[in-house]
Structures are given as C-alpha cells and as structure tokens.
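# Results of the structural survey
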Number of protein chains: 2
Amino acid sequence: MGLTKTEMFTDLQNEIALFAKVLGHPARVAILQHLFKIEGCICGDLVDEIGLAQPTISQHLKELKLLGLIKGNVEGTSVCYCIDKENWTNMKKVMLQFLDQDIDNKNCC
Amino acid sequence: MGLTKTEMFTDLQNEIALFAKVLGHPARVAILQHLFKIEGCICGDLVDEIGLAQPTISQHLKELKLLGLIKGNVEGTSVCYCIDKENWTNMKKVMLQFLDQDIDNKNCC
DNA sequence: AAACTTAATTGTAATATTGCAATGATTAAA
DNA sequence: TTTAATCATTGCAATATTACAATTAAGTTT
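Values in this document were obtained by computation on a predicted structure and should not be read as measured data.

## Some points on helix 4 (residues 54-66) of chain A
The periodicity of an α-helix, 3.6 residues per turn, causes residues three or four positions apart to be oriented the same way. Residues and elements named next belong to chain A. The first and last C-alpha atoms of helix 4 sit 18 Å apart over 13 residues, in line with the 18 Å expected at 1.5 Å per residue. Residues of helix 4 that are buried sit in contact with helix 1 (11-22), helix 2 (26-37), helix 3 (45-50), strand 1 (70-75) and strand 2 (78-83). Backbone geometry just after helix 4 places Gly 68 at a positive phi near 85°.

Right, here's the structure in full:
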C-alpha cells in the first residue's frame, strides 16, 4: 500500500515520525549540516557541495521547508536558505523527549 | 528512481539518515514507546496495542531489530521484544550530536 | 530587448515502503 | 499425536520516494 495509517496514532507519534522522516535522507542531513556550518547562508552552492542534480536538491529543500526546518530568502536571482532557529529548536525538543526516555531495568532480554 | 545515492555522503551522514529513517514511521515510534513504558517487556500484545495487522507489526519489528534498536527473546511460543539499551544509547548519542549543532548568528534570514 | 543566471516546476522512470491475506514454522497444550 | 497459539515469511497491490532531463519563471546584465 505505501500509505501510512496516521489516524491510528497520537499526534505526538505522528509528529515525531514526520520529523524523523525528513531527517531520514543523507542529502537532507548534508544540507542541514552545511547550513549550520556556513557563515552567512548561501544557497545554490548546495548543488555543488552535495553533488546531486539541481532539481533533486530543490526537491529536498522543499521538504525541509515544508516541515519548517529551513527558510528561504529570495535575493535577486538566487535564494538564500538557512535554518529556521525557532522551529529547529522545537523539533529538537520533541525529538529529545522521545530519545531520552528512561530505560526500565526490568527488561527481559 | 527511489534509490538513495548513499555513496556520495559520509558514513556519519548515512548513519544519521538510517537511524532517522527507522524512527520515521508512527508505528515504529509507538512500538518503541510501548517497549519503554511497559514493565518487563511483552511481545505480541503490540499487535493489540497498536492496531495494525500482525504481519505489519512483525515487519516493523524486523526493521527495528535490523538497526539494533530492539532485540527479541523467544519464550515458548511467544517472543519477548525489548529495547537494546546499548545500541539505543549509541543511536541517541549520534542523533543528539546532530540535533545539537549550534546555530550561527550570522544567518541571513 | 536579448542573453544569461538561478532556482522552481513538471513529467517520468526506477525503486522503496506500507499493509495485509495466506501460509509456514515452532512450540505448548490436550 | 492432534490441536491451538504465536510469530515469521511470502506474495501481492497500492502508494511514496528518489533522481533527473526538460522546461518554466523571475530576476540581472549587456
């Protein structure tokens, strides 16, 4: 089917999964790392930096923008992308809460 | 294509993406949450708990096991699944390092 | 305006993922 | 040994994702 049955899960479970999913591709990980590293925040050199075709990068940027993790600023013919700090922090909080669950000692294995 | 070009990324980028990907489905999030919550660690009631068909749950468990996040213990006719503490901690460390990057103030937007 | 640059969009092909019915494997219980 | 219970596997259909060539859109430069 390929269709996730989101209606049987809580909002939080779906939110965690959506965040994780968008981080679940190395190109998007690389894009985010580059946006973190770079001073100022450049744009189309992501294509050179990463090595995928321009439409592919554009598509990955779109998904990151859709989740709110980055935002883009049009500057002439080029577009300047950067991390959306507020949303990134929020996402981080959600993910940390999930990752940081305490592990019960009463595990059987 | 549907085929990720892993060869153009670093091992770390691919590792982060793989971990994120396996967390990128609400059923797997729910399974992990349940395994964290429950005392001892039960098994096939995951099917009742989550509400997907048994083969579907089994498949999600397989993926979680493949990444090492959980392990299963055969106990008679049933199988006891639980979090693999060591690997979970390692995964957490990798993800935290990625999520905790400092955001440069020199952002353009 | 014509030519150029940069990035988004569209269309398409290939592959992956999700979900489940049916079946199989394994062990316990009767 | 038959029956039941639990879970894995297989096979399949539907949908999603990834990647890119070709094109479009929008702004710059000449």
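## Considering the interface of chain B and chain A
Contacts between the two partners involve 52 residues from chain B, matched on the other side by 52 residues from chain A. Overall, the association of chain B and chain A removes approximately 4,700 Å² of surface from exposure, summing both partners, and the carbon and sulfur fraction of that is 68%. The largest per-residue losses of area from chain B upon contact with chain A belong to Phe 36, Leu 99 and Cys 109 of chain B, which jointly make up 14% of the total buried on that side. Where chain B meets chain A, there are 2 salt bridges. With a shortest N-O distance of 3.1 Å, Asp 100 of chain B and Lys 92 of chain A are connected by a salt bridge. Across the contact surface, chain B and chain A share 8 residue pairs in polar contact (both at pLDDT 80 or more). The set of elements that each furnish at least two residues to the side of chain B that touches chain A consists of helix 1 (11-22), helix 2 (26-37), strand 1 (70-75), strand 2 (78-83) and helix 5 (85-99) of chain B. Among the elements that line the side of chain B that touches chain A, the one with the most residues is helix 5 of chain B, at 8 residues. In terms of residue class, the side of chain B that touches chain A is made up of 29 nonpolar, 12 polar and 11 charged.

## Digging into the protein's contact with DNA strand D
Met 1 of chain A together with Met 1, Gly 2, Lys 5 and Tyr 81 of chain B are the nearest of the 28 residues found near DNA strand D. Here, DNA strand D places atoms within 4 Å of the protein, and 60% of those atoms are sugar or phosphate. Leu 3 of chain B is positioned such that a nitrogen or oxygen atom in its backbone is 3.4 Å from a sugar or linking oxygen of DNA strand D. Looking at the surface near DNA strand D, the elements with two or more residues in it are helix 4 of chain A together with helix 4 (54-66) and strand 2 of chain B. Here the surface near DNA strand D is composed, by residue class, of 10 nonpolar, 14 polar and 4 charged.

The rules we used
Residues numbered from 1 in each chain as written. Chains lettered and ligands numbered in written order. Predicted model: local features only at pLDDT ≥ 70, side-chain atom pairs only at ≥ 80, totals over all residues. Heavy atoms only, no water. Helix = DSSP H or I, 4+ residues; strand = E, 2+ residues; numbered from the N terminus. Expected span 1.5 Å × (residues − 1). Contact = heavy atoms within 4.5 Å. Buried area = accessible area lost by both parts, 1.4 Å probe. Salt bridge = Lys/Arg side-chain N within 4 Å of Asp/Glu carboxyl O. Polar contact = N/O pair within 3.5 Å; in protein donor to acceptor, adjacent residues only side chain to side chain. Nonpolar A, V, L, I, M, F, W, Y, C, P; charged D, E, K, R; others polar. Near = heavy atom within 4 Å.

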